[in-house]
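This is what each chain is made of:
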Amino acid sequence: EGGDLVNSMASLVAFKTYDQFGKPVKVKALLTNDKNKILDTLDIKHDGMGSFILIPKAGETYSIKWNDSYGNNGITKLPAAKQEGVVMEVRTSNEFALVKVDRTINVPGNFKHLNLLVHMNQEIQFKVSLNASDKTSLFAKIPIEEMNTGVLQFPLFTSDWLPLAERIIFVNNRLHEFGAKIIPQLVTLTKRGKNVIDIL
């Protein structure tokens, strides 16, 4: 979820299982490495979706072995992890989005100063510069308490604006909600009877 898999760095990996018609499918699945060692049992949380945390090791590759509710089985390979790079995580509280960016010790020069944009509905809310020249972990706190309800995007770029990672969160400050009062003016219980209701 936070960009590419990077060796020796923890990443949250999200997945969704679905059939040829795009409908969610229940599966039993195992995360294994190339030595066929079982690393984790994967659980479906909702509509075929779930997640797990993986810390890739150099020289290892990873696969998911699965069996679905129709009796089918298969193996899905995970993308290869990179030797160098960054991973990003975004957590939320009622007031803030808490952004954490981790990088490997050895990175190209354009990874040592990062740009984080925060935008909703294609409108930039914040632009954050992250100085990673002498730090491998960086943090940013984005106020979200007074934002409109909607999807907030966090794309991360190198110093020369090459995309590295992106996370999204859903901000729900309930500003779209309103109180309503229903007043029946005419109630008819017969079939196809006329009913009149005022909504205030």
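Calculation notes
- Residues numbered from 1 in each chain as written.
- Predicted model: local features only at pLDDT ≥ 70, side-chain atom pairs only at ≥ 80, totals over all residues.
- Heavy atoms only, no water.
- Helix = DSSP H or I, 4+ residues; strand = E, 2+ residues; numbered from the N terminus.
- Buried < 20%, exposed > 50% of the residue type's maximum accessible area, 1.4 Å probe, protein only.
- Contact = heavy atoms within 4.5 Å.
- Areas by Shrake-Rupley, 256 points an atom, 1.4 Å probe, with all protein chains shown as cover.
- Lys, Arg positive; Asp, Glu negative; His and termini not counted.
- Charge placed at Lys NZ, Arg CZ, Asp CG, Glu CD.
- Pairing = 2+ DSSP bridges.
- Axes fitted to C-alpha atoms, helices over the stretch in contact; angles between N-to-C directions.
- 1 Å grid on protein atoms, 1.4 Å probe; cavity = no way out; pocket = protein on both sides within 12 Å on 5 of 7 lines; lining within 4 Å.
- Points joined across faces, edges and corners; volume = space filled by probe spheres on them.
- Nonpolar A, V, L, I, M, F, W, Y, C, P; charged D, E, K, R; others polar.

Colleague: Explain the overall build of the protein here, please?
Modeller: On a plain count of helices and strands, the protein comes out with zero helices and 15 strands. For the protein, the C-alpha atoms occupy an extent of roughly 75 × 50 × 25 Å along the three principal directions. Looking at the protein residue by residue over its 200 residues, the buried ones come to 35%. Sequence separation of 24 or more characterises 55% of the internal contacts of the protein that already satisfy a separation of 6 or more. Counting only carbon and sulfur atoms, one obtains 52% of the accessible surface of the protein, whose full area is about 13500 Å². Positive and negative side-chain charges in the protein, numbering 24 and 21 respectively, have mean positions lying 6 Å apart.

Colleague: Just to check I follow, could you spell out the pairing of strand 1 (residues 11-16) for this structure?
Modeller: Walk down a regular strand and you will see the side chains alternate between the two sheet faces. Only one face of strand 1 is covered, namely the one carrying Ser 11, Val 13 and Phe 15; the face carrying Leu 12, Ala 14 and Lys 16 has none of its residues buried. Pairing of strand 1 with strand 4 (residues 49-54) involves six bridges; the strand directions are antiparallel. By the bridge assignment for strand 4, Ala 14 is matched with Ser 51.

Colleague: Before we go on, may I ask you to explain the sheet that holds strand 10 (residues 123-131) in this structure?
Modeller: Strands pair in a sheet through their backbones, by hydrogen bonds, and they do so in one of two ways: parallel or antiparallel. As summarised here, the arrangement of the four strands in space is 10-9-12-13, forming an open sheet in which the pairing is antiparallel. The outermost strands of the open sheet, each flanked by one partner alone, are strand 10 and strand 13 (163-171). Sheet twist, expressed as the mean angle between neighbouring strand axes with direction ignored, is 15°. Strand direction decides the pairing type here: strand 9 (residues 113-120) and strand 12 (residues 150-157), joined by three bridges, are antiparallel. Paired with His 119 across the bridge in strand 12 is Gln 153.

Colleague: I'm lost on empty space enclosed by the protein in this one. Help?
Modeller: One pass over the structure, following the stated rule, counts one cavity of 30 Å³ or more. Put simply, the largest cavity is a space of about 30 Å³. When its residues are assigned to classes, the lining of the largest cavity shows five nonpolar, one polar and one charged.

Colleague: Can you help me understand the layout of surface pockets in this one?
Modeller: For the largest pocket, the calculated volume is near 360 Å³. In this structure, the largest pocket is lined by 15 residues; those nearest its centre are Ser 11, Leu 12, Met 88, Glu 89 and Arg 91. Sorting the residues of the lining of the largest pocket by element identifies strand 1, strand 7 (86-92) and strand 8 (96-103) as the ones contributing at least two each. The residue makeup of the lining of the largest pocket, split by class, is seven nonpolar, two polar and six charged. Considered as a void within the structure, the second largest pocket measures approximately 310 Å³ in volume. Contributing to the lining of the second largest pocket are 17 residues, with Lys 16, Thr 17, Tyr 18, Val 27 and Trp 66 lying nearest its centre. Secondary structure elements with two or more residues in the lining of the second largest pocket: strand 1, strand 2 (27-33) and strand 5 (62-68). For the lining of the second largest pocket, the element with the highest residue contribution is strand 5, accounting for three residues.

Colleague: Just to check I follow, could you spell out unusual backbone geometry for this structure?
Modeller: Most peptide bonds take the trans form, and the phi angle of most residues other than glycine is negative. Although it is not a glycine, Asn 36 adopts a positive phi angle of roughly 65°. Turning to its location among the elements, Asn 36 is positioned in the loop between strand 2 and strand 3 (38-42). Judged by its relative accessible area of 49%, Asn 36 is partly exposed.

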